[in-house]
Amino acid sequence: MTTEAFNAREFRDALSSFATGVTVVTCLDANGEPVGATASSFNSVSMDPPLILWSITKTAYSADAFINAKHFVVNVLGADQTDISNKFARSGTDKFADVEVEKGIGGVPMLPGTITCFECEAWATYDGGDHEIIVGQVKAMRSTAGSGLVFYRGAYATAEAIPTLAPVETNDVSHFIDNYLLYYLTRATHQMGDEFHQLVADDGLTTKEWRVLACLYNENSMSLAELAKRTMVDQTTLLELALGLQKHDMARVQQLDSGTKLTGTIAGQQRVVHLIADCQEAEQSALEGLDADAAETLKTMLQRIIANTD
Ligand SMILES: Cc1cc2nc3c(=O)[nH]c(=O)nc-3n(C[C@H](O)[C@H](O)[C@H](O)COP(=O)(O)O)c2cc1C
């Protein structure tokens with residue numbers, strides 16, 4: 001679909017991909033009666049002077065009241081206020097019937113339990129097609145740390161912060177170490193590995209045997225040269241080790257024209273299956289605080305470093 005050709009439905013759907021908060025904007029009409037409408041078009045405009053805007057459809061029952069109001073209040077709804085949002089989105093009802101309001105700027109009602117209230121003086125109104133854009137100068141406000149109600153793709157939602165990697169506290173590390181990749185890689189490897197290698201030893205395997213069985217897991221096959229790289233064990237030691245495993249049916253060693261090939265076996269798999277589970281658990285806890293995408297990115301970056309330094 002191009003941007004030149006779209007219908008109203010497609011336009012509305014595309015707009016709904018922009019998540020917004022939900023507000024109820026209130027004012028007094030010409031007779032001093034309270035008026036309110038649910039609005040997600042609220043946005044910030046200027047810091048100095050402090051200006052905000054929202055827009056009201058010109059056909060709304062309350063449009064005239066808002067366009068002519070000297071003051072209005074933007075009540076930012078909390079995540080638990082969908083009922084208030086629905087109530088003020090319904091035309092022609094007595095929206096203030098069982099709502100206990102406080103009076104704000106110019107006597108305009110402020111709704112209870114909201115997370116923020118902006119008390120505004122009308123600054124300007126602009127023609128915005130089938131909407132009127134209303135700009136207000138914020139004269140007073142109150143705000144709490146509560147969680148706001150979100151409107152996204154035509155439905156109410158709540159916002160959750162994406163966990164970020166908190167900077168690790170470093171005390172007294174020299175500037176060089178503080179920025180040295182190998183320091184981080186080595187320290188992470190030691191910290192992650194120490195505990196796990198003890199588990200391997202307690203299980204009666206050497207670290208080298210564990211690496212071989214883990215690399216050949218799932219009846220994987222690879223050349224002696226490739227396995228040497230992956231296990232970080234020299235080829236002579238590795239061949240001896242593999243022949244030892246073969247005696248217990250935990251690996252297969254084949255001499256081919258193309259070189260020595262090693263293959264995993266079911267018995268080899270069974271020997272380390274529980275250690276694989278321990279490994280995965282340890283990995284989960286080491287990656288705590290990183291989301292799945294960040295963890296994947298970290299692995300991709302490490303693969304790149306391994307390829308670059310091969
Ligand atoms: C989540 C949500 C956001 C809305 N945002 C706006 C808006 O920004 N501007 C608008 O004119 N109407 C908006 N509406 C619709 C009005 O709340 C609705 O037309 C209401 O009936 C207006 O009140 P009135 O008819 O008493 O004037 C929204 C409705 C919902 C549910």
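Owing to the predicted nature of the structure, the values given are computational and were not obtained by experimental measurement.

What counts as what
- Residues numbered from 1 in each chain as written.
- Predicted model: local features only at pLDDT ≥ 70, side-chain atom pairs only at ≥ 80, totals over all residues.
- Heavy atoms only, no water.
- Helix = DSSP H or I, 4+ residues; strand = E, 2+ residues; numbered from the N terminus.
- Rg over C-alpha atoms; globule rule 2.2 N^0.38 Å.
- Buried < 20%, exposed > 50% of the residue type's maximum accessible area, 1.4 Å probe, protein only.
- Areas by Shrake-Rupley, 256 points an atom, 1.4 Å probe, with all protein chains shown as cover.
- Lys, Arg positive; Asp, Glu negative; His and termini not counted.
- Charge placed at Lys NZ, Arg CZ, Asp CG, Glu CD.
- Pairing = 2+ DSSP bridges.
- Axes fitted to C-alpha atoms, helices over the stretch in contact; angles between N-to-C directions.
- Contact = heavy atoms within 4.5 Å.
- Polar contact = N/O pair within 3.5 Å; in protein donor to acceptor, adjacent residues only side chain to side chain.
- Near = heavy atom within 4 Å.
- Nonpolar A, V, L, I, M, F, W, Y, C, P; charged D, E, K, R; others polar.
- Patch = residues over 30% accessible without salt bridge, like charges linked within 9 Å, V, L, I, M, F, W, Y side chains within 5 Å.
- Salt bridge = Lys/Arg side-chain N within 4 Å of Asp/Glu carboxyl O.

> Can you break down the overall build of the protein chain residue by residue, with the values?
A tally of regular secondary structure across the protein chain gives 10 helices and 15 strands. Its C-alpha atoms give the protein chain a radius of gyration of 33 Å, clearly above 19 Å, the size a compact globule of 310 residues would have. Projected onto its principal axes, the C-alpha coordinates of the protein chain cover approximately 95 × 55 × 35 Å. Put simply, the protein chain has 310 residues, and 30% of those count as buried. Accessible area of the protein chain: about 19800 Å², with a carbon and sulfur share of 53%. Across the protein chain, 22 positive and 41 negative side-chain charges occur, with their mean positions spaced 4 Å apart.

> Quick rundown of the sheet that holds strand S13 (residues 221-223)? Include the residues and the values.
Strand order in the open sheet formed by three strands is S13-S15-S14, with antiparallel pairing between adjacent strands. The two strands at the open ends of the sheet, each matched to only one other strand, are S13 and strand S14 (251-256). On average, each strand axis in the sheet is inclined to that of its neighbour by 25 degrees, with strand direction left out of account. As paired elements, S13 and strand S15 (residues 259-264) share three bridges and run antiparallel to each other. What sits directly across from Met 222, in S15, is Leu 262. With respect to the sheet, helix H7 (residues 224-231) is in contact with S13 and S15, its orientation differing from that of S13 by roughly 95 degrees.

> So what's going on with the environment of Asp 249? Which residues, and what values?
You can see Asp 249 is positioned in the loop between helix H8 (235-247) and S14. Separated by 46 residues in the primary sequence, Asp 249 and Ala 295 place their C-alpha atoms 35 Å from one another.

> Can you break down the side chain of Thr 116 residue by residue, with the values?
Assignment of secondary structure puts Thr 116 in strand S9 (residues 116-128). Residue Thr 116 is classed as buried on the basis of its relative accessible area of 8%. Side chain to side chain, Thr 116 and Ser 143 meet in a polar contact 2.7 Å long. Non-local contacts of Thr 116, meaning those with residues more than four positions away in its chain, are made with Val 74, Asn 75, Val 76, Arg 142, Ser 143 and Thr 144.

> An account of the site of the ligand is needed here, citing residue identities and associated values.
Taken together, 18 residues surround the ligand, and among them Thr 38, Ser 41, Ser 62, Ser 91 and Lys 95 come closest. Here a nitrogen atom of the ligand sits 2.9 Å away from a polar atom, N or O, in the main chain of Ser 55. Of all the elements in the fold, those that place two or more residues in the shell around the ligand are strand S3 (34-39) and strand S5 (51-57). Of the residues that constitute the shell around the ligand, the class distribution is eight nonpolar, eight polar and two charged.

> Before we move on, can you summarise the sheet that holds strand S6 (residues 71-76) with the specific residues and values?
A sheet is described by the order of its strands in space; here seven strands give the open sequence S3-S2-S6-S9-S10-S5-S4, paired in antiparallel fashion. This sheet does not close on itself; its edge strands, each paired only once, are S3 and strand S4 (43-46). Between one strand and the next, the sheet's axes are offset by a mean angle of 35 degrees, whatever the strand orientation. Where S4 and S5 come together, three bridges link them in antiparallel fashion. Residue pairing in the sheet places Ser 46 in a bridge with Leu 51 of S5.

> So what's going on with the pairing of S3? Which residues, and what values?
Pairing between strand S2 (residues 23-28) and S3: six bridges, direction antiparallel. If you follow Thr 26 over to S3, its bridge partner there is Gly 36. Once S2 ends, the chain turns through five residues before running back antiparallel as S3, passing Gly 32 with a positive phi of about 80 degrees.

> Give me the lowdown on unusual backbone geometry, citing residues and values where you can.
With an omega of 0 degrees, the peptide bond between Asp 48 and Pro 49 qualifies as cis. Among the secondary structure elements, Pro 49 is positioned in the loop between S4 and S5. The phi dihedral of Arg 153 is positive, around 50 degrees, even though this residue is not glycine. Position of Arg 153 among the secondary structure elements: in the loop between strand S11 (149-152) and strand S12 (155-158). Even without glycine at this site, Asp 249 takes up a positive phi of about 60 degrees. The class of Asp 249 is partly exposed, set by a relative accessible area of 48%.

> Hey, could you go over a nonpolar patch on the surface for me, with residue numbers and the actual values?
A cluster of nonpolar side chains, Phe 6, Phe 11 and Leu 15, forms an exposed patch at the surface whose accessible area comes to about 310 Å². Within the secondary structure, Phe 6 sits in the segment before helix H1 (8-15). Of the residues examined, Phe 6 reaches a relative accessible area of 42% and is grouped as partly exposed.

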